Amino acid sequence: MRKILQVLLLGIGTIAHVNAQKADDKAYVTSQLDKKYASYCQIAKQIWNYAELGYLESKSSALLQETLRKSGFKVESGVADIPTAFVASYGSGQPVIGILAEYDALPGLSQDSVPYRKPLIEGGTGHGCGHNLFGTASVAAGIALKDWLLQTKRAGTVRVYGTPAEEGGGGKVYMVRAGLLKDVDAVIHWHPGDGNSADASTCTAVIQGMFRFYGKTAHAAGAPERGRSSLDGVEALNVMVNMMREHVDEKSRIHYVITKGGLAANVVPDFAEVEYMVRHPDVTEVKQIWERVIKAAEGAALGTGTTMKYEVITGIYGLLPNETLAKAMHSNLQKLGGVSYNAEEMAFANKLRVSFENAKIPPLSRASEVQPYRLSHFPASTDVGDISYVVPTAGLSTATWVPGTAAHTWQAVAADGMSIGYKGMLLAAKTLATMGVDLFTQPELLSRAKAEFQQKLDGVKYVPLIGDRKPPLDYRKGL
């Protein structure tokens, strides 16, 4: 009996020692982030000022790469035929833990960091999705893990992926296709938001492309019979797709915008262009709807006497959730807590909320809370989805925006460029770093995540929706 008791006590002591060591490891990475917080705020603000569009993020990418190089990472630039994409690595051997970093802005969202509408440049670009914070926090977490690996002399590799053009350009898809994640054991990421959560999320798959119609110019009044209107082709396509909406699954989303429609009303246009996006939670359904849009475009060209060409700009999968990793991420977020506002930030938030038009605005206390873990779905899309189909992946969101703020708005841009956004950024970096400690120190966590990953795939073979096309490096040029 005494021997059994001694064995039990030894086991309890071992567990206590392991837990204490884990707490020390996590305290170390969070303290490293606290020490460098001011410098990371400066980096986030600089990228916020750059506000570079997808595939054009040369200064933002260079700044993050230089930050990683100075911290001891080996950086490979221009990967996957994308000048602004990079892979930064530190360490050696397994496990290999990947951290995703985004840094592209959005067109038309220029805004000062004030709680009222004030564009810095009328019609200019702005970080309405917080990717200035996203990229900075991910780099910060990678550096904190690198410092910890160095201090503890632990084997393993931390790898930061600089992923351009998330906003419609699908940069990660091309990086997956290039095989840049084939040896990675797990990927972690985050995204700005108006609350703190680490759910096992799904989202919609999407195919995005351009339909271009070619006709014949003519004087619209003097010789209209000699013209063939490319704009008629675009409008005929749009009419047919709008009729098709009644006959697709209710979870579908179809969006379009006419990007070019002619130059003068009295000239029959010989070129017109429309951009389409098709979404659905099931990637198979997306493919089928997209084929129907193509057929409608062919019919529109036939009926208007024009010709049509289409180009797939990007196609991305929905997220494949991994509950094993998501629950571990949630545990780390819960221990760290939410974001608290000082008096100045509270005043900023209250002034900003006056501009909200939605009927139900969550209380400001939402920023300080961590939402319960759940299985969730959001109807938008992210190119993280393709990564989640090739490696176990988990993410989180933190309160970088005033509660009630919608993404892709000037209110989001305003918070992304000041202390409210920076506090959420720090929380995200700490959660990623502490989650990284778990992944490096708990091989059983990775084993369970990989087993779930294979089960969720259920034999599905990942095939990129983009085919063999090259990255659309000019899709944001001229905006």
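Structure's up top.
Residues numbered from 1 in each chain as written. Predicted model: local features only at pLDDT ≥ 70, side-chain atom pairs only at ≥ 80, totals over all residues. Heavy atoms only, no water.

1. What to know about the sheet that holds strand 9 (residues 271-280)
So, point 1. Strand order across the open sheet formed by four strands is 8-9-7-10, with antiparallel pairing between neighbours. A strand with exactly one partner marks an edge of an open sheet, and here the two such strands are strand 8 (253-260) and strand 10 (307-316). Direction aside, the axes of adjacent strands within the sheet are offset by 20 degrees on average.
So, point 2. Relative to strand 9, strand 8 runs antiparallel, the two being bridged by seven bridges. Looking across to strand 9, one finds that Ile-258 is bridged to Val-274.
So, point 3. Each of strand 7 (205-214), strand 8 and strand 9 touches helix 6 (residues 230-244); the most contacted strand, strand 9, lies at about 20 degrees to it. (Pairing = 2+ DSSP bridges. Helix = DSSP H or I, 4+ residues; strand = E, 2+ residues; numbered from the N terminus. Axes fitted to C-alpha atoms, helices over the stretch in contact; angles between N-to-C directions. Contact = heavy atoms within 4.5 Å.)

2. What to know about the sheet that holds strand 2 (residues 86-92)
So, point 1. Reading across the sheet, the six strands line up as 1-2-4-3-5-12 and stay open at both edges, with mixed pairing between neighbours. Pairing within the sheet leaves two strands with one partner each, and these edge strands are strand 1 (74-77) and strand 12 (393-399). Averaged over all pairs of adjacent strands, the angle between strand axes in this sheet comes to 20 degrees, irrespective of strand direction.
So, point 2. When strand 5 (residues 186-193) meets strand 12, the two strands line up parallel, connected through seven bridges. Opposite Gly-193, over in strand 12, you have Ala-399 as the bridge partner.
So, point 3. Along the sheet, helix 4 (residues 131-152) makes contact with strand 2, strand 3 (96-101), strand 4 (156-162) and strand 5, crossing strand 3 at roughly 155 degrees.

3. Structural notes on the environment of Gln-42
So, point 1. As for its placement among the helices and strands, Gln-42 is situated in helix 2 (residues 37-50).
So, point 2. By relative accessible area, which is 59% here, Gln-42 ends up exposed.
So, point 3. Distance from Gln-42 to Thr-136, taken between C-alpha atoms, is 9.6 Å for residues 94 residues apart in sequence. (Buried < 20%, exposed > 50% of the residue type's maximum accessible area, 1.4 Å probe, protein only.)

4. Notes on helix 3 (residues 58-70)
So, point 1. For helix 3, which comprises 13 residues, the first-to-last C-alpha distance of 18 Å matches the rise-based estimate of 18 Å (1.5 Å per residue) to within 8%.
So, point 2. For helix 3, every residue scored as buried is listed here: Ser-60, Ser-61, Leu-64, Gln-65, Thr-67 and Leu-68. Along helix 3, the residues classed as buried sweep out an arc of 160 degrees about the axis, all on the same side.
So, point 3. Tucked into the core, helix 3 has its buried residues touching helix 2, strand 1, strand 2, helix 4 and strand 4.
So, point 4. One or two residues past the end of helix 3 sits Gly-72, with phi positive at roughly 100 degrees. (Expected span 1.5 Å × (residues − 1). Arc of directions from axis to C-beta.)

5. Regarding the packing of aromatic side chains
So, point 1. Under the defined criterion, the tally for this structure stands at 12 aromatic pairs.
So, point 2. Ring-pair connections join several aromatic residues into one group, and the members of that group are Phe-211, Tyr-256, Tyr-276, Trp-290 and Tyr-310.
So, point 3. For Lys-309, the ring lying beneath its charged end belongs to Tyr-214, and the centroid distance is 5.9 Å. (Phe/Tyr/Trp six-rings, centres within 6.5 Å; stacked < 30°, edge-to-face > 60°. Lys NZ or Arg CZ within 6 Å of the ring centre and 35° of its normal.)

6. Considering the pattern of salt bridges
So, point 1. Per the stated rule, a full pass over the model turns up 19 salt bridges.
So, point 2. A salt bridge links Lys-36 to Asp-147; the shortest N-O distance between them is 3.1 Å. Of this pair, Lys-36 sits in the loop between helix 1 (2-35) and helix 2 while Asp-147 sits in helix 4; the two residues are 111 residues apart in sequence, bridging distant segments of the chain.
So, point 3. Lys-36 gets classed as partly exposed once you look at its relative accessible area, which sits at 27%.
So, point 4. Its salt-bridge partner being Arg-159, residue Asp-183 comes within 2.8 Å of it at the nearest N-O pair. Taken together, the positions of Asp-183 in the loop between helix 5 (171-177) and strand 5 and Arg-159 in strand 4 put the pair 24 residues apart, joining distant regions of the chain.
So, point 5. Of the residues examined, Asp-183 reaches a relative accessible area of 35% and is grouped as partly exposed.
So, point 6. What emerges from the salt-bridge pattern is a single network uniting Arg-212, Lys-260, Glu-273, Glu-311 and Arg-469. (Salt bridge = Lys/Arg side-chain N within 4 Å of Asp/Glu carboxyl O.)

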